[in-house]
Amino acid sequence: SQTAAKQVSLILKTIGGKERTLTANVGDTLLDVAHKNHINIDGTCDGDLNCSTCHCVVDKKIFDQLPDSKNIMEKERDLLEQSWGVQDTSRLSC
């Protein structure tokens, strides 16, 4: 028998302020969840960590709970430095 994937709810807020509550499997990227829910987030490199078009800003309370929030990969940090509107809680959604 197959074990169902653990799911979580998340709220995605657009730049315009519109909010959508989504369900995602643990381990899915935000980029994949957005695309599965017909939300247009750019992902020029198809989630290969080679651009910054999927840049997003994570709520501070959630960001602090991320296991790797303090140790962001150097490649992701370099890509974020090239992005616009970067904040302390910015991440790439891929």
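Residues numbered from 1 in each chain as written. Predicted model: local features only at pLDDT ≥ 70, side-chain atom pairs only at ≥ 80, totals over all residues. Heavy atoms only, no water.

Asker: Residues and numbers for the overall build of the protein chain, please.
Answerer: Within the protein chain, the secondary structure is distributed over three helices and four strands. When the helices and strands of the protein chain are listed from N to C terminus, the series reads β-β-α-β-α-α-β. For a compact globule of 94 residues, the expected C-alpha radius of gyration is about 12 Å, and the protein chain comes in at 14 Å, within 12% of that figure. Dimensions of the protein chain, computed from the C-alpha atoms along their principal axes, are close to 45 × 30 × 30 Å. Buried positions account for 32% of the 94 residues belonging to the protein chain. For the protein chain, restricting intrachain contacts to residue pairs at least 6 apart in sequence, the fraction spanning at least 24 positions comes to 46%. Accessible surface for the protein chain amounts to roughly 7000 Å². Of this, 48% is attributable to carbon and sulfur atoms. The positive charge centre, built from 11 side chains, and the negative charge centre, built from 14, are 7 Å apart in the protein chain. (Helix = DSSP H or I, 4+ residues; strand = E, 2+ residues; numbered from the N terminus. Rg over C-alpha atoms; globule rule 2.2 N^0.38 Å. Buried < 20%, exposed > 50% of the residue type's maximum accessible area, 1.4 Å probe, protein only. Contact = heavy atoms within 4.5 Å. Areas by Shrake-Rupley, 256 points an atom, 1.4 Å probe, with all protein chains shown as cover. Lys, Arg positive; Asp, Glu negative; His and termini not counted. Charge placed at Lys NZ, Arg CZ, Asp CG, Glu CD.)

Asker: An account of the pairing of strand 1 (residues 7-13) is needed here, citing residue identities and associated values.
Answerer: The pairing of strand 1 with strand 2 (residues 19-25) spans seven bridges and is antiparallel. For Lys 13, the partnering residue across the bridge sits in strand 2 and is Glu 19. Taking the residues that link successive antiparallel strands as the turn, the strand 1-strand 2 hairpin has five residues, and the phi of Gly 17 there is positive, at about 95°. (Pairing = 2+ DSSP bridges.)

Asker: Quick rundown of the layout of surface pockets? Include the residues and the values.
Answerer: For the largest pocket, the calculated volume is near 1600 Å³. Looking at the largest pocket, it is lined by 40 residues, and the ones nearest its centre are Leu 12, Leu 30, Cys 56, Val 57 and Val 58. Those elements giving two or more residues to the lining of the largest pocket turn out to be strand 1, strand 2, helix 1 (30-36), strand 3 (55-57) and strand 4 (90-92). Looking at the lining of the largest pocket, the element that brings in the most residues is strand 1, giving six residues. The class makeup of the residues in the lining of the largest pocket is 20 nonpolar, 13 polar and seven charged. (1 Å grid on protein atoms, 1.4 Å probe; cavity = no way out; pocket = protein on both sides within 12 Å on 5 of 7 lines; lining within 4 Å. Points joined across faces, edges and corners; volume = space filled by probe spheres on them. Nonpolar A, V, L, I, M, F, W, Y, C, P; charged D, E, K, R; others polar.)

Asker: Just give me the short version of the nonpolar core, but keep the residues and values in it.
Answerer: Judged by nonpolar contacts, the single largest core of 15 residues is most densely connected at Leu 10, Leu 12, Leu 22, Ile 39, Ile 41, Cys 54 and Leu 92. Secondary structure elements with two or more residues in this core: strand 1, strand 2, helix 1 and helix 3 (74-81). Of all the elements, helix 1 adds the most residues to this core, at three residues. For Leu 12, the residues in contact, after removing those within four places along its chain, are Lys 18, Glu 19, Arg 20, Leu 22 and Ile 39. (Core = buried A, V, L, I, M, F, W, Y, C linked by side-chain atoms within 4.5 Å.)

Asker: How would you summarise the environment of Ile 62 if you had to cite specific residues and measurements?
Answerer: Within the secondary structure layout, Ile 62 lies in helix 2 (residues 60-63). Residue classification places Ile 62 among the partly exposed residues on the basis of a relative accessible area of 46%. Distance from Ile 62 to Thr 89, taken between C-alpha atoms, is 9.3 Å for residues 27 residues apart in sequence.

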